[in-house]
Amino acid sequence: MSKLKNPPSQPVGYRGRFAPSPTGPLHAGSLVAALGSWLDARKNGGRWLLRIEDLDTPRCIPGADQQIQAQLLACGLNWDEESSWQSERQDGYQKALEALNTLQLLYPCSCSRQTIAQTLAQRGIQTGRNQEMIYPGTCRPAQLKSYSSNELENTQLAWRLALPPNCEITFEDLALGSQKQNLTQEVGDFVLRRNDGLFTYQLAVVVDDALQGITHIVRGADLLSNTARQMHIQNVLGFKTPSYRHLPLVLDEHGEKLSKQTLATQIQTQTAKEALAELRKAGKHLGLKDLPDGENITISEWLLAATQAWEVDY
Ligand code: GLU
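Structure report, in brief. (Residues numbered from 1 in each chain as written. Predicted model: local features only at pLDDT ≥ 70, side-chain atom pairs only at ≥ 80, totals over all residues. Heavy atoms only, no water.)

### Remarks on the overall build of the chain
Each helix and strand in the chain was counted, giving 10 helices and 10 strands. Taking 2.2 N^0.38 as the reference for a compact globule, 314 residues should give roughly 20 Å; the C-alpha atoms of the chain span a radius of gyration of 21 Å, in line with that estimate. Carbon and sulfur atoms make up 49% of the accessible area of the chain, which totals about 15700 Å². (Helix = DSSP H or I, 4+ residues; strand = E, 2+ residues; numbered from the N terminus. Rg over C-alpha atoms; globule rule 2.2 N^0.38 Å. Areas by Shrake-Rupley, 256 points an atom, 1.4 Å probe, with all protein chains shown as cover.)

Right, here's the structure in full:
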């Protein structure tokens, strides 16, 4: 197999998605991504899918997926098809890895974070604490090749995608405008399967978006720096590239992105009143104007007004 087949029937029309990691309940930041992607799909008469990204099993919290679904439903954000779980789609990721192996684009890597940091330091490159390290290519063989399936099954090593020289990706983000990233210089060969055997987010998200026929990706701007990597994988696997719109992040009082790591508090959706209050905050963050602010409005009425207020020009 040289390339994965394109998704069986590329659906006509808009298909969007919300893809939370079940590492905790929804917080104000994730609600913004959920609402933004939902409104964009609704405004465009499209479908909106829910995909639970439970790939990084050590970080997943049991029951968080159910909690997220309940919160979305309480906010009136219904999804159109059965929700899916990445943990159930390992075959698709494995096939993609095999296809990339056939294309002679993979190699195994035994570097630890520490050895990478040391190599970079020797080259005079310092990486900040929260910054990703540019892979210096330590394990990249002089001659790339296909590995046997036995070799590929070796889950003690990480498997990296070999980038071409000067791999520059440019794209137009529908919210943020022209974007450019030189993957070779700014990222380096990146990992598709980790040395604990887990497929990485970069690979899984590309395979899922393609297999689910996603045409429009609307998500938080914290994911912007991943987009070029994902487009490169799409290109080599022969997948269509969806359009991208990255939404403004919700920051805490220290200017940090809200996340479970920063112990962001979950949104309150026990009552319709609370859910509506959370939606209103998210809508304000998205810049929606002139929405009804009365006490007696229902969530459906508010969502309808929000859909009308959502401005898109595709
Ligand atoms: N699972 C990712 C997250 O929760 C989002 C993936 C995506 O939207 O591409 O941050």
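More follows now that the structure is in view.
### A closer look at the pattern of salt bridges
Two side chains carrying opposite charge are able to pair once their charged atoms lie near each other. Applying the stated rule across the entire model yields 15 salt bridges. Between D209 and R17 there is a salt bridge; the shortest N-O distance is 3.0 Å. Taken as a pair, D209 in helix α7 (residues 201-211) and R17 in strand β1 (residues 15-18) lie far apart in primary sequence, 192 residues in all. Here D208 and R51 are joined by a salt bridge, their closest N and O atoms 3.6 Å apart. Within this pair, whereas D208 is found in helix α7, its partner R51 is found in strand β2 (residues 47-52), the two being separated by 157 residues in sequence. The exposure class of R51 is buried, given its relative accessible area of 0%. (Salt bridge = Lys/Arg side-chain N within 4 Å of Asp/Glu carboxyl O. Buried < 20%, exposed > 50% of the residue type's maximum accessible area, 1.4 Å probe, protein only.)

### Section: the site of the ligand
As a structural note, the neighbourhood of the ligand is formed by R17, A19, P20, S21, E53, Y201, V205, R219 and L223. Within the backbone of A19, one N or O atom sits 2.7 Å away from a nitrogen atom of the ligand. E53 is positioned such that a nitrogen or oxygen atom in its side chain is 2.6 Å from a nitrogen atom of the ligand. For the ligand, whose free accessible area comes to 300 Å², the fraction covered by protein is 80%. (Near = heavy atom within 4 Å. Polar contact = N/O pair within 3.5 Å; in protein donor to acceptor, adjacent residues only side chain to side chain.)

### Some points on the pairing of strand β6 (residues 168-173)
With burial as the criterion, only one face of β6 is covered, namely that bearing I169, F171 and D173; the residues E168, T170 and E172 on the opposite face remain uncovered. What sits between β6 and strand β7 (residues 177-182) in their antiparallel hairpin is a turn of three residues. (Pairing = 2+ DSSP bridges.)

### A word on the sheet that holds strand β3 (residues 84-85)
Reading across from one edge, β1-β2-β3 is the order of the three strands in this open sheet, with parallel pairing throughout. At either margin of the open sheet sits one strand with a lone partner, and together these are β1 and β3. In the sheet, β2 pairs with β3 via two bridges, with the strands oriented parallel. The residue bridging I52 from the neighbouring strand is W85, located in β3. Those strands touched by helix α2 (residues 64-74) are β1, β2 and β3, and its axis lies near 155 degrees from that of β2. (Contact = heavy atoms within 4.5 Å. Axes fitted to C-alpha atoms, helices over the stretch in contact; angles between N-to-C directions.)

### So, the environment of D293
Considering the arrangement of structural elements, one finds D293 in the loop between α9 (272-285) and α10 (299-309). Between the C-alpha atoms of D293 and A277, which are 16 residues apart in sequence, the distance is 9.8 Å.

### As for the nonpolar core
Residues L100, L106, L161, L192, L203 and I233 are the most contacted members of the largest nonpolar core, which totals 47 residues. Of all elements in the fold, only α3 (90-102), β4 (106-109), α4 (113-122), β5 (158-161), β6, β8 (190-193), α7 and α8 (224-237) reach the threshold of two or more residues within this core. If we skip the residues at most four places from it in the chain, L100 touches L105, L106, L161, L192, L203, V236 and L237. (Core = buried A, V, L, I, M, F, W, Y, C linked by side-chain atoms within 4.5 Å.)

### With respect to the packing of α9 against α10
Close contact between α9 and α10 brings their axes to 10 Å; oriented N to C, the two are set at 10 degrees. In this view, α9 runs roughly parallel relative to α10, as classed from their interaxial angle. As for how α9 packs across α10, the hand of that crossing is left-handed. Along its contact with α9, which presents A272, A275, L276, L279, R280 and G283, the element α10 presents I299, W302 and L303. (Parallel < 35°, antiparallel > 145°, perpendicular 65-115°, else oblique. Left-handed = near helix turned anticlockwise from the far one by under 90°.)

### Quick look at the state of the cysteines
In protein chemistry, a disulfide is the covalent bond that joins the sulfur atoms of two cysteines. Scanning all chains against the criterion turns up zero disulfides. With no disulfide partner, C109 has as its closest neighbouring cysteine sulfur the one in C111, 3.9 Å distant. For C109, a relative accessible area of 2% corresponds to the buried category. Left unpaired, C167 is separated from the closest cysteine sulfur, that of C109, by 18 Å. The class for C167 is buried, based on a relative accessible area of 6%. (Disulfide = S-S within 2.5 Å.)

### Structural notes on the environment of E186
Position of E186 among the secondary structure elements: in helix α6 (residues 183-186). On the accessibility criterion, E186 (44% relative accessible area) is partly exposed.

### A few points about the side chain of N182
If you trace the backbone, N182 turns up in strand β7. The class for N182 is buried, based on a relative accessible area of 5%. Of note is the side chain of N182, whose polar atom sits 3.1 Å from the backbone nitrogen of T184. Those residues in contact with N182 that sit more than four places away from it in its chain are N166, C167, E168 and V187.

### Here we look at the layout of surface pockets
One number sums up the size of the second largest pocket: a volume of about 220 Å³. Along its surface, the second largest pocket is lined by A175, R245, H246, L247, P248, L286, G287, L288, K289, A309, W310 and E311. The biggest single contributor to the lining of the second largest pocket is strand β10 (residues 243-247), with three residues. Partitioned by chemical class, the residues of the lining of the second largest pocket number seven nonpolar, two polar and three charged. (1 Å grid on protein atoms, 1.4 Å probe; cavity = no way out; pocket = protein on both sides within 12 Å on 5 of 7 lines; lining within 4 Å. Points joined across faces, edges and corners; volume = space filled by probe spheres on them. Nonpolar A, V, L, I, M, F, W, Y, C, P; charged D, E, K, R; others polar.)

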